[in-house]
Amino acid sequence: MVRQITVDLGERSYPIYIGSGLLKDVGQRCLEAGFPLRSPLLVVSDSEVAPRYLHVLEASLREHGYTVVTHIIPAGEASKSLAVYEEVITTAIQAGLDRSSAVLALGGGVVGDLAGYVAATYMRGIGFMQIPTTILAHDSSVGGKVAVNHPLAKNMIGAFYQPSMVLYDIDTLLTLPARQVSSGLAEVVKHGLILDKEFAYWCREHAAELLELNVEALGYALERGCAIKAAVIGNDEREQGQRAILNLGHTIGHAIEAVGGYGVFLHGEAIAIGMAGSALLAAKLGRDASIYEDTVSMLTALGLPVRLPAETSEDELMEAMMHDKKFKEGRMTFIVPDTIGSVSIVNDVQQSTVREVIAQLKKEESPW
Ligand SMILES: NC(=O)c1ccc[n+]([C@@H]2O[C@H](COP(=O)([O-])OP(=O)(O)OC[C@H]3O[C@@H](n4cnc5c(N)ncnc54)[C@H](O)[C@@H]3O)[C@@H](O)[C@H]2O)c1
Ligand SMILES: [Zn+2]
């Protein structure tokens, strides 16, 4: 069964296909996407994904008559750099990629963000297809945000650049390490928490199946997650307003990633703690305490952390948040749940309130 979602962005609209065994169809899908056979395709992948799946992709592309060049980056966030970006561009030039060529991103969010930025900038923009291989990438492959990191700040150099298609082969997820599975599920349940109450509770109820990578459960979860994200960006492609709700848990989460040093917490782990923090903040701003209880039970069911390590420095976390793009004119902007499945963008959160939340996130026991 192939699930299909359309990201509706006028002339930049594109399909997302989710299902088992889709990698071997990539040649056919590239023809459907309109990538011409005369122009070479560049497949970017990483050192963990390429040995497992690249051969299937290459065989399918060659079978359909494409010329393929590959560039394998070292696995990990450190590859989302200008230096690696330049190396990929060098490969593209040496292989003779032209204006009609396309870049295929086979991997997780790191490969997708880097390869997407290459596609957005090589000769001012060429074709682009996302072939995500992590659960987290259901989020990063949809929406068109592509970027590399600067040593001083994550995702600082980037663009909005939509792919022509997202091809999501669920079978590739079976080789994901358990920690990566939980981390990815944090963004899945986030989509429920912001816009779909029923789906958020469904994730808690089916947590065991999701963690076991049950194909049915996972297919449904990824379809809902992608559909919710697609709906949000369909209304606000360039984050002028409503798209910001996708950042639930991310202000605190990004600060945790920055302070811990990238790699100590995985992205999904950091935003899980951030989402627990947003729910605590909600209670401080007068929302029902049950939001916090339910959020925490959903996250823990999915194997995610909801507390900060006791040694975390509150000052460092606050400092990191000050540098965040979402900090404006002395006040902090937070995405705050109003109930499970609905959130508000609150622009005037006091720093002292955020500090109280951070302090509570460090305590072992529940705040009530
Ligand atoms: N563009 C966006 O909108 C957006 C949204 C969220 C996150 N992101 C970015 O995504 C990145 C995180 O993505 P991620 O969590 O997918 O990280 P990742 O790409 O680093 O993948 C995680 C790890 O799993 C390995 N891996 C990937 N697929 C595998 C598979 N099928 N089997 C075995 N191992 C596999 C990778 O090699 C890597 O070591 C961050 O850089 C983040 O900034 C972007
Ligand atoms: Zn995220």
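Our structure's up above, just so we're on the same page.
Residues numbered from 1 in each chain as written. Chains lettered and ligands numbered in written order. Predicted model: local features only at pLDDT ≥ 70, side-chain atom pairs only at ≥ 80, totals over all residues. Heavy atoms only, no water.

1. Observations regarding the pattern of salt bridges
Think of it this way: side chains of opposite charge can pair up when their charged atoms draw near. Counting across every chain of the model gives 20 salt bridges. Residues Arg-12 and Glu-237 are paired through a salt bridge, measuring 2.4 Å at the closest nitrogen-oxygen approach. Of the two residues, Arg-12 is situated in the loop between β1 (3-7) and β2 (14-19) and Glu-237 in the loop between α9 (215-235) and α10 (250-260); the sequence distance between them amounts to 225 residues. Between Lys-229 and Asp-139 there is a salt bridge, with the nearest N and O atoms lying 2.7 Å from each other. In this pair, Lys-229 is assigned in helix α9 and Asp-139 in helix α5 (residues 137-140), connecting sequence segments 90 residues apart. There is no split in this pair, since Lys-229 and Asp-139 are both buried. Here the residues in one salt-bridge network are Glu-77, Lys-80, Asp-113 and Lys-154, joined through shared partners. (Salt bridge = Lys/Arg side-chain N within 4 Å of Asp/Glu carboxyl O. Helix = DSSP H or I, 4+ residues; strand = E, 2+ residues; numbered from the N terminus. Buried < 20%, exposed > 50% of the residue type's maximum accessible area, 1.4 Å probe, protein only.)

2. Quick look at the site of ligand 1
Taken together, 25 residues lie around ligand 1, and Asp-46, Glu-77, Thr-134, Lys-154 and Thr-175 are the ones closest in. Within the side chain of Lys-80, one N or O atom sits 2.9 Å away from an oxygen atom of ligand 1. Relative to its free-state accessible area of 860 Å², ligand 1 is covered by the protein chains to the extent of 89%. With three residues, helix α4 (residues 109-121) is the single largest residue contributor to the shell around ligand 1. Classifying every residue of the shell around ligand 1 by side-chain character gives six nonpolar, nine polar and 10 charged. (Near = heavy atom within 4 Å. Polar contact = N/O pair within 3.5 Å; in protein donor to acceptor, adjacent residues only side chain to side chain. Areas by Shrake-Rupley, 256 points an atom, 1.4 Å probe, with all protein chains shown as cover. Nonpolar A, V, L, I, M, F, W, Y, C, P; charged D, E, K, R; others polar.)

3. A short note on the coordination of the zinc ion (ligand 2)
The zinc ion (ligand 2) binds to the protein through Glu-187 (OE), His-250 (NE2) and His-267 (NE2); the donor distances cover 1.9 to 2.1 Å. For the zinc ion (ligand 2), the single-chain donor residues occur in sequence as E-x62-H-x16-H. Taken as a pair, Glu-187 in helix α6 (residues 178-195) and His-250 in helix α10 lie far apart in primary sequence, 63 residues in all. (Donors = N, O, S within 2.8 Å, 3.2 Å for Na, K, Ca; no water.)

4. A look at the environment of Pro-74
Relative to the assigned elements, Pro-74 resides in the loop between β4 (68-73) and α3 (82-94). Through-space distance from the C-alpha of Pro-74 to that of Leu-152 is 21 Å; in sequence the pair is 78 residues apart. Setting aside its immediate chain neighbours within four residues, Pro-74 contacts Asp-46, Ser-47 and Ser-79. (Contact = heavy atoms within 4.5 Å.)

5. Some words on the nonpolar core
In this structure, Ile-135, Leu-210, Met-321 and Phe-334 are the most contacted members of the largest nonpolar core, which totals 79 residues. When residues in this core are grouped by element, the largest group, 10 residues, is from helix α11 (residues 267-284). In this structure, this core is formed jointly by two domains, domain 1 (3-175) and domain 2 (178-362), each of which donates at least three residues. Aside from chain neighbours lying at most four places away, what touches Phe-334 is Thr-251, Ile-252, Leu-281, Met-321, Ser-344, Ile-345, Val-346, Val-349 and Val-354. Listed in part, the 26 residues of the second largest apolar core include Leu-42, Val-103, Leu-114 and Ile-157. (Core = buried A, V, L, I, M, F, W, Y, C linked by side-chain atoms within 4.5 Å. Domains from an automatic or database assignment.)

Worth remembering: the numbers are spatial, not functional.
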